[in-house]
Amino acid sequence: MVLGSDYDGTLCRNGRVSEEDIAAIRRWQAAGHAFGVISGRGYASLYHEVAVRNHVPYDFLIGNNGCVIYDETGNLLANLAGEGAVLKSVVPAIIEAGGYHACISLPEERIMVEYPGAVDRDDVDRVILPEEVEGIRLFNQIDTRLPTEEAAAGFAAMINGKYGGAITAYQNGVCVDMVPPGVSKPEGFSKYLQLRGLDPSRGVTVGDNYNDIGMLEAFGGFAVASASEEIKSRVGRVCASIADLIDRKLGGE
């Protein structure tokens, strides 16, 4: 089987990945199964968190909500980048909505757009002005953060309603991740299974937030116990942790 886990709030809780979960992942792999992380984070951030900071053993990383897929050696297996023309409309929309930042993930770097009120970030490679956005030809993701979850939900709905043919927005708490149309966590996981020649029935997923629902519903997924009641009710299957889920699966559930 192949277990795909969300990162923030699922694998990483309270700022760290537990030793219990890491040990369980090793047992899972020793039993002949694969483990990977499926996240809204870009590859550089995801690799640093998973491999460098927490030393989690993994077989694949899927970043930008399914847009990029890497194997355990850092080899890029798939890049589903989309046309950057839509960013000329999305960046002004973020500014008007009061977004704390507008960060664009490209195939080779992460860029922050500078505008009045934007909050500086330390996870970007360079900064550009709003008028420079039109020079971006391809993008993997653009993300922002709003003051409340309600504001994030409203902004995501607006983007999908107005620009849905060119970009797809996913709410993740107070954050909104926007990716090329057709890109999603379940599509990214499905693509990975396809590349490995595995039947979709071999996949299982676990997550905790709204942008995880698609992959949880598509792959018999589990919500972690710390997820909201709405998420847990919609998914219908709950686990206490990654270790709990792995022990249950290895036990034959």
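Going by the structure above, here's the rest.
Scope of this entry: the structure provided in the associated data block.

**What about the overall build of the protein?**
Link 1 in the chain: What the protein contains, in helices and strands, is eight helices and 16 strands.
Link 2 in the chain: Expected size for 253 residues packed as a compact globule is a radius of gyration near 18 Å; at 18 Å, the protein falls within 12% of this value.
Link 3 in the chain: By its C-alpha atoms, the protein is 55 × 40 × 30 Å across when sized along the principal axes.
Link 4 in the chain: Look at the contacts in the protein between residues 6 or more apart in sequence, and 58% of them connect residues 24 or more apart.
Link 5 in the chain: Approximately 10900 Å² of the protein is accessible, and the part contributed by carbon and sulfur atoms is 48%.
Link 6 in the chain: Considering the protein, the positive charge centre built from 22 side chains and the negative charge centre built from 35 side chains are found 4 Å apart.

**Overview of helix 1 (residues 19-30)**
Link 1 in the chain: Taking 1.5 Å of rise per residue, the 12 residues of helix 1 would be expected to cover 16 Å, and the 16 Å separating its terminal C-alpha atoms lies within 8% of that figure.
Link 2 in the chain: Looking only at helix 1, the buried set comprises Asp21, Ile22, Ala24, Ile25 and Trp28. An end-on view of helix 1 places all buried positions within 160° of arc, on one side of the element. Summarising the geometry of helix 1, the exposed residues directed more than 90 degrees from the buried face are Glu19, Glu20 and Ala30.
Link 3 in the chain: Two residues or fewer past helix 1, Gly32 is found with a positive phi of approximately 95°.

**Notes on the environment of Gly164**
Link 1 in the chain: Positionally, Gly164 belongs in the loop between helix 4 (149-163) and strand 12 (168-172).
Link 2 in the chain: Residues Gly164 and Ile104, spaced 60 residues apart in sequence, show a C-alpha to C-alpha distance of 18 Å.
Link 3 in the chain: Every residue in contact with Gly164, bar those within four places of it in the chain, is listed here: Ile159 and Pro181.

**A short note on the environment of Val206**
Link 1 in the chain: You can see Val206 is positioned in strand 14 (residues 203-207).
Link 2 in the chain: Between the C-alpha atoms of Val206 and Leu3, which are 203 residues apart in sequence, the distance is 7.9 Å.

**Focus: the packing of aromatic side chains**
Link 1 in the chain: Inspection of the entire model under this criterion finds five aromatic pairs.
Link 2 in the chain: Put simply, the rings of Phe60, Phe189, Tyr192 and Phe219 pair up and form one aromatic cluster.

**Describing the packing of helix 3 (residues 87-97) against helix 4**
Link 1 in the chain: Between helix 3 and helix 4, the least distance of the axes is 12 Å, while the angle of their chain directions is 150°. Classed by the angle they form, the pair helix 3 and helix 4 counts as roughly antiparallel. Relative to helix 4, helix 3 is oriented so that their crossing is right-handed. In this structure, helix 3 uses Ser89, Ala93, Ile94 and Ala97 to contact helix 4, whose residues at the interface are Phe155, Met158, Ile159 and Tyr163.

**Let's talk about the packing of helix 1 against helix 8 (residues 242-250)**
Link 1 in the chain: Relative to each other, helix 1 and helix 8 sit at 25°, their axes nearing to 8 Å. On the basis of their axis angle, the class for helix 1 and helix 8 is roughly parallel. Helix-helix and strand crossings are classified by hand; for helix 1 and helix 8 the assignment is left-handed. Note on element contacts: helix 8 touches helix 1 through Ile242, Ala243, Ile246, Asp247, Lys249 and Leu250, opposite Glu20, Asp21, Ala24, Ile25, Arg27 and Trp28.

**Quick word on the pattern of salt bridges**
Link 1 in the chain: Per the counting criterion, the structure on display carries 14 salt bridges.
Link 2 in the chain: The residue Arg41 makes a salt bridge to Asp8 at a minimum N-O spacing of 2.8 Å. Placement of Arg41 in the loop between strand 2 (34-38) and helix 2 (43-53) and of Asp8 in the loop between strand 1 (2-5) and helix 1 is noted, with a sequence separation of 33 residues between them.
Link 3 in the chain: Given the relative accessible area of 35%, Asp8 is considered partly exposed.
Link 4 in the chain: What you see here is one network of salt bridges that share partners, running through Arg110, Arg121, Asp123 and Asp143.

Definitions and limits used
- Residues numbered from 1 in each chain as written.
- Predicted model: local features only at pLDDT ≥ 70, side-chain atom pairs only at ≥ 80, totals over all residues.
- Heavy atoms only, no water.
- Helix = DSSP H or I, 4+ residues; strand = E, 2+ residues; numbered from the N terminus.
- Rg over C-alpha atoms; globule rule 2.2 N^0.38 Å.
- Contact = heavy atoms within 4.5 Å.
- Areas by Shrake-Rupley, 256 points an atom, 1.4 Å probe, with all protein chains shown as cover.
- Lys, Arg positive; Asp, Glu negative; His and termini not counted.
- Charge placed at Lys NZ, Arg CZ, Asp CG, Glu CD.
- Expected span 1.5 Å × (residues − 1).
- Buried < 20%, exposed > 50% of the residue type's maximum accessible area, 1.4 Å probe, protein only.
- Arc of directions from axis to C-beta.
- Phe/Tyr/Trp six-rings, centres within 6.5 Å; stacked < 30°, edge-to-face > 60°.
- Axes fitted to C-alpha atoms, helices over the stretch in contact; angles between N-to-C directions.
- Parallel < 35°, antiparallel > 145°, perpendicular 65-115°, else oblique.
- Left-handed = near helix turned anticlockwise from the far one by under 90°.
- Salt bridge = Lys/Arg side-chain N within 4 Å of Asp/Glu carboxyl O.

Geometric descriptors of this kind do not, in isolation, establish any biological role.
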